[in-house]
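# Structure assessment
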Amino acid sequence: MQYEKVVRASLQAGTTCSVYFATIHKEATKQLMDICHKYKQRAYVGKVCMHINSPEDYKDESVEQCMADNQEIYEHSTTLPNVHSVVTPRFAPVCSVEMMRALGEFAKKRNLLIQSHISESRGEIAWMADLFPEKSYAQVYDECGLLNDRTVMAHAVHLSEGEQQLFKLRNAAIAHCPISN
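Keep in mind that this is a model prediction, so the values were computed, not measured.

### Observations concerning the overall build of the chain
Of regular secondary structure, the chain possesses seven helices and seven strands. In the chain, the succession of α and β elements from N to C terminus is α-β-α-β-β-α-β-α-β-α-α-β-α-β. What you see for the chain is a C-alpha radius of gyration of 16 Å, in line with the 16 Å of a compact globule of 181 residues. Dimensions of the chain, computed from the C-alpha atoms along their principal axes, are close to 45 × 35 × 30 Å. Taking all 181 residues of the chain together, the buried fraction comes to 46%.

### Comments concerning helix α4 (residues 97–110)
Between its terminal C-alpha atoms α4 stretches 20 Å, which fits the 20 Å expected from 14 residues at 1.5 Å a residue. When α4 is considered as a whole, its buried residues turn out to be Met99, Met100, Leu103, Gly104, Phe106 and Ala107. An end-on view of α4 places all buried positions within 165 degrees of arc, on one side of the element. Turned more than 90 degrees off the buried face of α4, the exposed positions are Lys108 and Lys109. Packing partners of the buried residues in α4 comprise β3 (48–49), α3 (63–77), β4 (83–89), β5 (113–118) and α6 (137–143). Asn111 sits one or two residues past α4 and shows a positive phi near 55 degrees.

### Details of the nonpolar core
Proteins that are soluble and globular tend to have nonpolar side chains buried together. Val87, Ile118, Tyr141, Leu146, Leu147 and Phe167 are the most contacted members of the largest nonpolar core, which has 35 residues in total. Residue contributions to this core peak at five residues, all from α4. Filtering out sequence-adjacent residues up to four positions away, Phe167 remains in contact with Ile118, Ala138, Leu147, Met153, Leu159, Ala172, Ala173 and Ile174. Counting residues in each nonpolar core, the second largest holds 14 residues, with Tyr3, Ala28, Ala43 and Leu80 among its members.

### Focus on the packing of aromatic side chains
Where two aromatic rings form a pair, the distance of their centres and the angle of their planes describe that pair. With the rule as written, the count across this model stands at three aromatic pairs. On the basis of an interplanar angle of 75 degrees and a centroid distance of 6.0 Å, the ring pair of Phe91 and Trp127 is categorised as edge-to-face. Separated by 36 residues along the polypeptide, Phe91 in the loop between β4 and α4 and Trp127 in helix α5 (residues 122–131) bring together distant segments of the chain. The ring of Tyr74 carries the charged tip of Arg110 above its face, separated from the ring centre by 5.6 Å.

Rules of the game
- Here, residues in each chain are numbered from 1, in the same order as that chain's written sequence.
- The predicted nature of this model means local features are confined to residues of pLDDT at least 70 and side-chain atom pairs, given and counted, to a pLDDT of 80 or more, with totals for whole chains, interfaces and linings taken over all residues.
- Remark: hydrogens and water are excluded; side-chain values derive from all non-hydrogen atoms of the structure.
- Where helices and strands are cited, they refer to DSSP runs of H or I of at least four residues and of E of at least two residues respectively, numbered from the N terminus.
- Within these notes, the globule rule equals 2.2 Å times the number of residues to the 0.38 power, and the radius of gyration is based on C-alpha atoms.
- Relative accessibility decides the category of a residue: with a 1.4 Å probe and only protein chains considered, values under 20% of the type maximum give buried, values over 50% give exposed, and everything between is partly exposed.
- Multiplying 1.5 Å by the residue count of a helix minus one yields the expected span of that helix.
- Arc, as used here, means the arc of the directions from the helix axis to the C-beta atoms.
- Contacts are residue-level and defined by heavy atoms, with any inter-residue pair within 4.5 Å sufficient.
- Here, nonpolar core means buried Ala, Val, Leu, Ile, Met, Phe, Trp, Tyr and Cys residues that are tied together by side-chain atoms lying within 4.5 Å of each other.
- The rule is short: rings of Phe, Tyr and Trp, with Trp giving its six-membered ring, pair when the centres are within 6.5 Å, and they are stacked under 30 degrees, edge-to-face over 60, tilted in between.
- Ring-over charges, as used throughout, are those where CZ of Arg or NZ of Lys falls within 6 Å of the ring centre and within 35 degrees of the ring normal.

Written out as structure tokens, the structure reads:
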């Protein structure tokens, strides 16, 4: 299984704690959690949430189902020492405001980490500007309760100065890899 190869390779490289994006599938996400537990890797594992602007065969069927899946994954994580559930909207263009707000509330109520993507490419930023013409990319996350001191955003290559200040104000983190960007 690929998850097992990833966890083992991560540990062999000396990575004792990882934050993982799994897939949109609840059972696969729980399997990744179990593998991290099996190999004693401290891990934060999230089911990728997305339900609009996505391929029909690769998206959540509804906000309600996504939230029910997240609840089941969260409960599963409470049985695994050192493995934690993390709220994971894939990125704002593929999640409705309703879904992002529900995920923000879910994370707040359970004090969970939040992980997502932001500003990876100029095309992505243009898409966000079409979807949310009156707000910055970071403001969309912020207004949905997804930008705070428990947030780690991947990429953040093209944040505006105002967005950088909002990240600083919210004490949100950025996971940036110069090799991938």
